[in-house]
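Chain by chain, the residues run as shown.
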Amino acid sequence: MESPEAKTLGVGMVGYAFMGAAHSQGWRTVGRVFDLPARPVMSAVCGRDPEAVRAAADRHGWATAETDWRSMIARDDVQLVDVCTPGDSHAEIAIAALEAGKHVLCEKPLANSVTEAQAMVEAARRARERGQVAMVGFNYRRAPAIAYARRMVERGRLGVLRHVRVTYLQDWIVDPEFPLVWRLRREYAGSGALGDLGSHIVDLAQYLAGERLIGVSALTETFIRERPLPAGAVAGLGGSGTGGAARGPVTVDDAALFTGRFGSGAVASFEASRFAAGRKNSLRIELNGDHGSLAFDLERLNELSFHDHTEPAADSGFRRILVTEPEHPYLDAWWPPGHALGYEHTFVHQARDMVLAVAEGTGPEPSFEDGLQVQRVLAAVEESAEKNCVYTPVPV
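Predicted model, so just to flag it, every value in this text is computed and none were measured. (Residues numbered from 1 in each chain as written. Predicted model: local features only at pLDDT ≥ 70, side-chain atom pairs only at ≥ 80, totals over all residues. Heavy atoms only, no water.)

For the rest of this paragraph, the subject is the layout of surface pockets. The volume enclosed by the second largest pocket comes to roughly 350 Å³. Forming the boundary of the second largest pocket are 18 residues, of which Arg141, Arg150, Gln206, Tyr207 and Glu365 lie nearest the centre. Tallying contributions element by element places helix α6 (residues 144-154) first for the lining of the second largest pocket, with four residues. Residue classes in the lining of the second largest pocket are distributed as five nonpolar, four polar and nine charged. (1 Å grid on protein atoms, 1.4 Å probe; cavity = no way out; pocket = protein on both sides within 12 Å on 5 of 7 lines; lining within 4 Å. Points joined across faces, edges and corners; volume = space filled by probe spheres on them. Helix = DSSP H or I, 4+ residues; strand = E, 2+ residues; numbered from the N terminus. Nonpolar A, V, L, I, M, F, W, Y, C, P; charged D, E, K, R; others polar.)

A few words now on the sheet that holds strand β6 (residues 134-137). Neighbouring strands of a sheet are bound in pairs by backbone hydrogen bonds; such pairs are parallel or else antiparallel. Reading across from one edge, β3-β2-β1-β4-β5-β6 is the order of the six strands in this open sheet, with parallel pairing throughout. Among the strands making up the open sheet, the edge pair consists of β3 (64-66) and β6. The mean inter-strand angle of the sheet, taken between neighbouring strand axes irrespective of direction, is 25°. The pairing of strand β5 (residues 103-107) with β6 spans four bridges and is parallel. Residue pairing in the sheet places Glu107 in a bridge with Gly137 of β6. Lying on the sheet, helix α4 (residues 90-99) is in contact with β1 (7-14), β4 (80-83), β5 and β6; it crosses β5 at an angle near 170°. (Pairing = 2+ DSSP bridges. Axes fitted to C-alpha atoms, helices over the stretch in contact; angles between N-to-C directions. Contact = heavy atoms within 4.5 Å.)

The assigned domain composition of the chain is domain 1 (8-140) and domain 2 (143-342 + 367-393). Taking the mean C-alpha position of each, domain 1 and domain 2 sit 24 Å from one another. Listed as interface residues are 31 residues of domain 1 and, on the opposing side, 33 residues of domain 2. Summed over both sides, the interface between domain 1 and domain 2 buries roughly 2,500 Å², with carbon and sulfur atoms accounting for 67% of that surface. Connecting domain 1 to domain 2 are three salt bridges. Across the pair Glu369 and Arg128 runs a salt bridge whose closest N-O atoms are separated by 2.8 Å. Counting across the interface, domain 1 meets domain 2 through ten residue pairs in polar contact (both at pLDDT 80 or more). Considering every element that reaches the side of domain 1 that touches domain 2, the biggest residue donor is helix α5 (residues 114-128), with eight residues. Residues of the side of domain 1 that touches domain 2, tallied by class, amount to 21 nonpolar, six polar and four charged. (Domains from an automatic or database assignment. Buried area = accessible area lost by both parts, 1.4 Å probe. Salt bridge = Lys/Arg side-chain N within 4 Å of Asp/Glu carboxyl O. Polar contact = N/O pair within 3.5 Å; in protein donor to acceptor, adjacent residues only side chain to side chain.)

See below:
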């Protein structure tokens, strides 16, 4: 644990729904698990509904509630601003926070457009000169098995990379009567399954491969083009909620499929869908190299499957690596070997890495530049889909 004399880091969070609850878990827990150079203090949470944000503050452990994010940013007891709002407000809030001298953690995708993401990167670069840091929240990088997979690739266990294949599948909008929530409206979400799920798998593919995509060929589809407008509050992904008699257009994709090419010549395939019946939060990634293969399944997030192709064929095959040892990333602070972690721990690890970056003054990963690069891939996917799958380069 942090020493009693350790300095504090006041955190203010904008947004309190699904991601806000997950980030709250991270901030509430991190100082109780990891030795940190600064103790995070949950100073304020912000939302537009006074009663709802006050209830969220009480439930998740925030000291105070605000209804104006500008007022929250101006507070002296807030040194780090955590942005958990829909994508249409990421740029405005993050840039204002950076210009006010705050560190910033921003949920993925970084923005709703390349133009917005570029403005955020420029603000982060200016802030870096003043000693501030900015990070985008691709939390799956913080699963110990994913972090260990990256270490294995870096150490050459797969040899020369040839293939990457990734799928991220959910089913929470299969029902055509599910209401037209903000995630189904381009003006708020930017895109549908592509931005929501596709941003995660693009980041994971590039992170594990250790290189960037240089071009894509894509198609997208919207299966249900009109939905009932919400008649009341809708709880979470696939949660309870009702639609009224009035209906409105769905303006984002329901599914996105694309292939990609890395600069090294390795190829990749991606599938993101919120219409895969029976798949609740199914993320799978596999990498194939000339020396071996590595696979991860989020539904078994404490495990990796590894095949060493340098072994004799008679003895080879995929084997299970249980990623629960203290030598594995993040795990020296948790439980004895074999005691598994869960989804919420990725947010604890994210908070840890953010606090360390602030204390050390180093650029955290993934940076806003990394978020911008993912945004460029998403834009290339949409451009390719609009042109009937034409191969589209990703700008450098």
